[in-house]
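Remarks on the overall topology
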Amino acid sequence: MDSSKLVVEEETELLALHRAIFEAKFNLSPSDIDIQASPYTAELAQRVLKTIVELQSATDMNKIERWSNWLEHKKEWIWERCLSYMLKIQQSHWIRMDYSKKCDYVQWLFSPYALHEVDVERFIGEVEKYRQAIDQGHPIFLRSFGYATDVMLDELEQKLGRKLPPGYRTYLRNHNGGKVLVHYCTFVVEELNEVIPLHVIFGVHVEKRYDLAYWNTFKDEFPTGHILIGEAAAGGKILMDDLERIYYWKDMEYDDPTRNEGLYKVADNFDTFQRTWKRMIKTI
């Protein structure tokens, strides 16, 4: 046997190799950045997945569509991880590339997901928008959901049956919440002496699982007098009262969730809350 070849004899081994490559490629903190965005790992990821599909479709043609659907389902997850990665690498590595090279680089980054040309252009535009903000001294923690119009905010207030505090309303108008982009964005709960990883700040007229109006239809399931505005990565919730004070609620099973059990104040207003956000530093 040629010692330069790797022979995978079992389908289970091939699937394990695919999972290992996929997880390594989209790891948020790789020890070697070439794992994510080199043409070699891109080609390897494509070949392994292609081999799995060919092998399984030989006995079940439906496998082709199932794997295609699986990869399409992963698109948003891959996009967010690639964007987070791009905001952590050295800027000089990116600005030295011409546009054609950037397009190739993005395709390598996303492999085995193959982006359409319009998506490549959109991804490059998003990278450069956030890069510009970082260069101007504005830390980026969330991938914004866009912005909310006054009409959208008025409609939200009607659904909530309450007025939004002015500062928070301005935030939604300008940013409309967002999902954590730089892994991890954290805040401190001093009363618990804990650092909490943030996951999302809910927005208006966005995907259901991140939508403010949707989450606040469950008002009988969290402390009275608050609105639910976000979620921590560990499952706890971010709440706000009428005075715009921000609280962390340890989302536990309580006999009466409308009481203020497990509720810890973290900031006097939303703007102060944002200023407490920090990027987690990994230490060993």
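Keep in mind it's a predicted model, so treat the numbers as computed, not measured.

1. As for unusual backbone geometry
Omega for the bond connecting Ser 111 with Pro 112 falls within 30 degrees of zero, at 15°, which places this linkage in the cis form. Relative to the helices and strands, Pro 112 is located in the loop between helix H7 (99–110) and helix H8 (117–135). At His 205, a position not held by glycine, the phi torsion is positive, near 60°. Among the structural elements, His 205 can be located in the loop between strand E4 (194–201) and helix H11 (212–215). For His 205, a relative accessible area of 48% corresponds to the partly exposed category. A positive phi angle, near 75°, is found at Glu 244, a position not held by glycine. Take Glu 244: it is sitting in the loop between strand E6 (237–241) and strand E7 (246–249). Classification of Glu 244 as buried rests on a relative accessible area of 10%.

2. A closer look at the packing of helix H1 (residues 11–25) against helix H3 (residues 39–57)
Direction vectors running N to C along H1 and H3 enclose 145°, while the axes themselves pass 10 Å from each other. As for how H1 packs across H3, the hand of that crossing is left-handed. Seen from H1, the contacting residues are Glu 11, Leu 14, Leu 15, Leu 17, His 18, Ile 21 and Lys 25; seen from H3, they are Thr 41, Ala 42, Leu 44, Ala 45, Val 48, Leu 49, Thr 51, Ile 52, Leu 55 and Gln 56. By residue class, the composition of the contact of H1 with H3 is eleven nonpolar, four polar and two charged.

3. Overview of the nonpolar core
Generally speaking, a soluble globular protein has its nonpolar side chains buried in company with each other. Ranked by size, the top nonpolar core spans 44 residues in total, and within it Tyr 168, Phe 187 and Phe 273 carry the most contacts. Setting aside its immediate chain neighbours within four residues, Phe 187 contacts Glu 194, Val 195, Ile 196, Leu 198, Ile 238, Tyr 248, Val 266, Phe 273, Thr 276 and Trp 277. Counting 38 residues, the second largest nonpolar core, distinct from the first, contains Val 53, Val 106, Val 120 and Ile 140.

4. Some details on the pairing of E4
Two elements, strand E2 (residues 178–180) and E4, share two bridges in a ladder whose sense is antiparallel. Paired with Lys 179 across the two strands is Val 200, which belongs to E4. One ladder, built from five bridges, connects strand E3 (residues 185–189) with E4; its direction is antiparallel. Counted as the bridge partner of Cys 185 is Leu 198 from E4. Turn length for the E3-E4 hairpin, with the two strands adjacent in sequence and antiparallel, is four residues, and the turn residue Asn 193 shows positive phi of about 55°. Relative to strand E5 (residues 226–232), E4 is paired through three bridges, and the arrangement is antiparallel.

5. Notes on the confidence of the model for the chain
Residue-level pLDDT values for the chain average 88, and 93% of them are 70 or greater. Looking over the chain, one finds the lowest element-wise mean pLDDT in strand E9 (residues 278–279), namely 79, and the highest in helix H4 (residues 62–73), namely 96.

6. What about the pattern of salt bridges?
As a working rule, side chains carrying opposite charge can pair if their charged atoms are close by. Per the stated rule, a full pass over the model turns up 20 salt bridges. Its salt-bridge partner being Glu 76, residue Arg 143 comes within 2.8 Å of it at the nearest N-O pair. Of the two residues, Arg 143 sits in strand E1 (residues 142–144) while Glu 76 sits in helix H5 (residues 75–86), which places them 67 residues apart along the sequence. On the basis of relative accessible area, Arg 143 is assigned to the buried category, the value being 13%.

Procedures and definitions
Residues numbered from 1 in each chain as written. Predicted model: local features only at pLDDT ≥ 70, side-chain atom pairs only at ≥ 80, totals over all residues. Heavy atoms only, no water. Helix = DSSP H or I, 4+ residues; strand = E, 2+ residues; numbered from the N terminus. Buried < 20%, exposed > 50% of the residue type's maximum accessible area, 1.4 Å probe, protein only. Axes fitted to C-alpha atoms, helices over the stretch in contact; angles between N-to-C directions. Left-handed = near helix turned anticlockwise from the far one by under 90°. Contact = heavy atoms within 4.5 Å. Nonpolar A, V, L, I, M, F, W, Y, C, P; charged D, E, K, R; others polar. Core = buried A, V, L, I, M, F, W, Y, C linked by side-chain atoms within 4.5 Å. Pairing = 2+ DSSP bridges. pLDDT = per-residue confidence, 0-100. Salt bridge = Lys/Arg side-chain N within 4 Å of Asp/Glu carboxyl O.

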